[in-house]
Amino acid sequence: MGKGTENLMPKRIVAIINQKGGVGKTTTSINLACGIAMLGRKVLLVDLDPQAHSTIVLGSSPDSYSATIQDVLVNRKEISGVIIKSSIDNLDLAPSNIHLDKAEQLLIPEMFRETRLSKALSGLDYEFIIIDCRPTLGILSVNALYACNMVLIPCEMARFSLEGYSDLLDMIRLLKRGDYESGKVALRILFCKFDSRKAISNEWVFKQLEPYKSILFKTCIRQCEALNQAHIAKESIFKFKPASHGAEDYLSLTKEFMILCSQPEIN
Ligand SMILES: Nc1ncnc2c1ncn2[C@@H]1O[C@H](COP(=O)(O)OP(=O)(O)OP(=O)(O)O)[C@@H](O)[C@H]1O
Ligand SMILES: [Mg+2]
């Protein structure tokens, strides 16, 4: 977990981002991180949302932490002093709580405010770092975009889920220009909460995303009540209900993700 040389740079830092609320960012962060950890690979989940949903599921009560990711971003505390072990082998957590909300304001006058997370993560000894973003495109999300080399956008299969998509894609292209074109940064869209009975909405969303066909994950995450219940039980879907559609889909996503990550250049 300590600092090291550049050789120890994580292979993949994944920002799970969408300024739309409730589309599946946290559910995907938790279950993708757990899926990777189950394969025996070292993963860090960074909770970059003051709502602290990943922290609630994988850690303790958000108020119980004396130091969180907010201290790393605002007070430049070493991230190794904030990271905790989760109950899952190979999976660590950089927790968050409501105080992270103040970071958006506190960072405004600061130098290098957009690259604080990137700097904090550099040299950490993890193969994968997953960043669960908040549903806004403020300074926290900009930090996640600067830090990452893969952007995963969960998309709900609903009419209004695509509003603001072009703002998000413009921002990603602006921040990642060059890296994106050269294949150093990957961009992928993941359909979440897919319900085959909603044929008309599904068809509409698929049609709108036709231009992005090449960057859609083949895996779709189906609507699955067990995913909700797993959050309540503070467990991954793999432990909570391994025979569910949710577990099947997140396992499929994990495999697709790992194949993608094994390619030197992705786009
Ligand atoms: N495939 C699914 N089937 C059923 N419920 C789901 C599914 N994915 C997510 N949910 C539920 O939908 C709600 C929103 O999901 P989640 O918290 O993952 O979204 P989010 O994008 O992180 O939200 P926010 O923007 O508030 O951070 C949660 O109650 C979650 O349990
Ligand atoms: Mg969330």
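Note that the coordinates shown come from a computational prediction; the quantities given were computed from them, not determined experimentally. (Residues numbered from 1 in each chain as written. Chains lettered and ligands numbered in written order. Predicted model: local features only at pLDDT ≥ 70, side-chain atom pairs only at ≥ 80, totals over all residues.)

S.K.: What exactly am I supposed to notice about the overall build of the protein here?
M.R.: Across its full length, the protein holds eleven helices and eight strands. Taken over the C-alpha trace, the protein has a radius of gyration of 17 Å; the compact-globule value for 267 residues is 18 Å, and the two agree within 12%. Overall, the protein is about 50 × 40 × 35 Å in size when its C-alpha atoms are taken along their principal axes. Relative to its full complement of 267 residues, the protein shows a buried share of 42%. Sequence separation of 24 or more characterises 78% of the internal contacts of the protein that already satisfy a separation of 6 or more. (Helix = DSSP H or I, 4+ residues; strand = E, 2+ residues; numbered from the N terminus. Rg over C-alpha atoms; globule rule 2.2 N^0.38 Å. Buried ≥ 20, exposed ≤ 12 C-beta atoms within 10 Å, placed from the backbone. Contact = placed C-beta atoms within 7 Å.)

S.K.: In this structure, what is going on with helix α1 (residues 25–38)? I would like to understand it.
M.R.: For an α-helix, the turn length of 3.6 residues means that residues three or four places apart are oriented alike. Here α1 is 14 residues long and its end C-alpha atoms lie 20 Å apart, about the 20 Å a rise of 1.5 Å per residue gives. Most of α1 is tucked away: 13 of the 14 residues are buried. Gly40, located one to two residues past α1, shows a positive phi value of around 85 degrees. (Expected span 1.5 Å × (residues − 1).)

S.K.: In this structure, what is going on with the site of ligand 1? I would like to understand it.
M.R.: In the vicinity of ligand 1 lie 19 residues, with Gly21, Lys25, Thr26, Thr27 and Pro135 positioned nearest. Mapped by element, the contributors of at least two residues to the shell around ligand 1 are α1, β7 (186–194) and α9 (225–232). Of the residues belonging to the shell around ligand 1, the class tally is six nonpolar, ten polar and three charged. (Near = placed C-beta within 6 Å. Nonpolar A, V, L, I, M, F, W, Y, C, P; charged D, E, K, R; others polar.)

S.K.: Hey, could you run me through the environment of Ser60 in this one?
M.R.: Summarising the element assignment, Ser60 is placed in the loop between α2 (53–58) and α3 (69–75). Since 13 C-beta atoms lie within 10 Å of it, Ser60 is described here as partly exposed. Residues Ser60 and Leu32, 28 residues apart in the sequence, show an inter-C-alpha distance of 20 Å.

S.K.: Is there a simple way to think about the nonpolar core in this case?
M.R.: Counting 68 residues, the largest nonpolar core has Ala15, Ala33, Val43, Ile130, Ile131, Ala144 and Cys148 as the members making the most contacts within it. Ranked by residue count, the leading element in this core is α1, at six residues. In this structure, Ala15 is in contact with Ile131, Cys133, Ala144, Leu145, Cys148 and Val151, ignoring residues within four places of it in sequence. (Core = buried A, V, L, I, M, F, W, Y, C linked by C-beta atoms within 7 Å.)

S.K.: What should I look at first to understand the packing of α1 against helix α11 (residues 245–261) in this one?
M.R.: Think of two packed helices as two axes; the pair is described by the angle between the axes and how far apart they sit. At a closest axis distance of 9 Å, the pairing of α1 and α11 adopts a crossing angle of 65 degrees. When the axes of α1 and α11 are compared, the pair comes out roughly perpendicular. The handedness of the crossing between α1 and α11 is right-handed. Contacts from Asn31, Leu32, Gly35 and Ile36 of α1 reach α11 at Tyr250, Leu251, Leu253, Thr254 and Phe257. For the contact of α1 with α11, a count of residues per class yields six nonpolar, three polar and no charged. (Axes fitted to C-alpha atoms, helices over the stretch in contact; angles between N-to-C directions. Parallel < 35°, antiparallel > 145°, perpendicular 65-115°, else oblique. Left-handed = near helix turned anticlockwise from the far one by under 90°.)

S.K.: Even after reading the chapter, I still don't get unusual backbone geometry, so can you show me in this structure?
M.R.: Among all residues save glycine, negative phi is the norm, and among peptide bonds the norm is trans. Although it is not a glycine, Ala52 sits at a positive phi angle of roughly 60 degrees. With respect to the element layout, Ala52 can be found in the loop between β2 (43–48) and α2.

S.K.: How do you make sense of the environment of Glu210 when you look at a structure like this?
M.R.: Relative to the assigned elements, Glu210 resides in the loop between α8 (199–208) and β8 (216–222). Here Glu210 falls in the exposed class, since 8 other C-beta atoms lie within 10 Å of it. Spatially, the C-alpha atoms of Glu210 and Thr55 are 35 Å apart, while their sequence positions differ by 155 residues.

S.K.: How should the pairing of strand β4 (residues 91–94) be read in this particular structure?
M.R.: Within a regular strand, side chains alternate between the sheet's two faces. Across the two faces of β4 the burial is the same, with Leu91 and Leu93 and Asp92 and Ala94 all buried. Relative to β4, β2 runs parallel, the two being bridged by four bridges. Its bridge partner lying in β4, Leu44 is registered against Asp92. In the sheet, strand β3 (residues 84–85) pairs with β4 via two bridges, with the strands oriented antiparallel. Pairing of Lys85 across the sheet is with Asp92, part of β4. (Pairing = 2+ DSSP bridges.)

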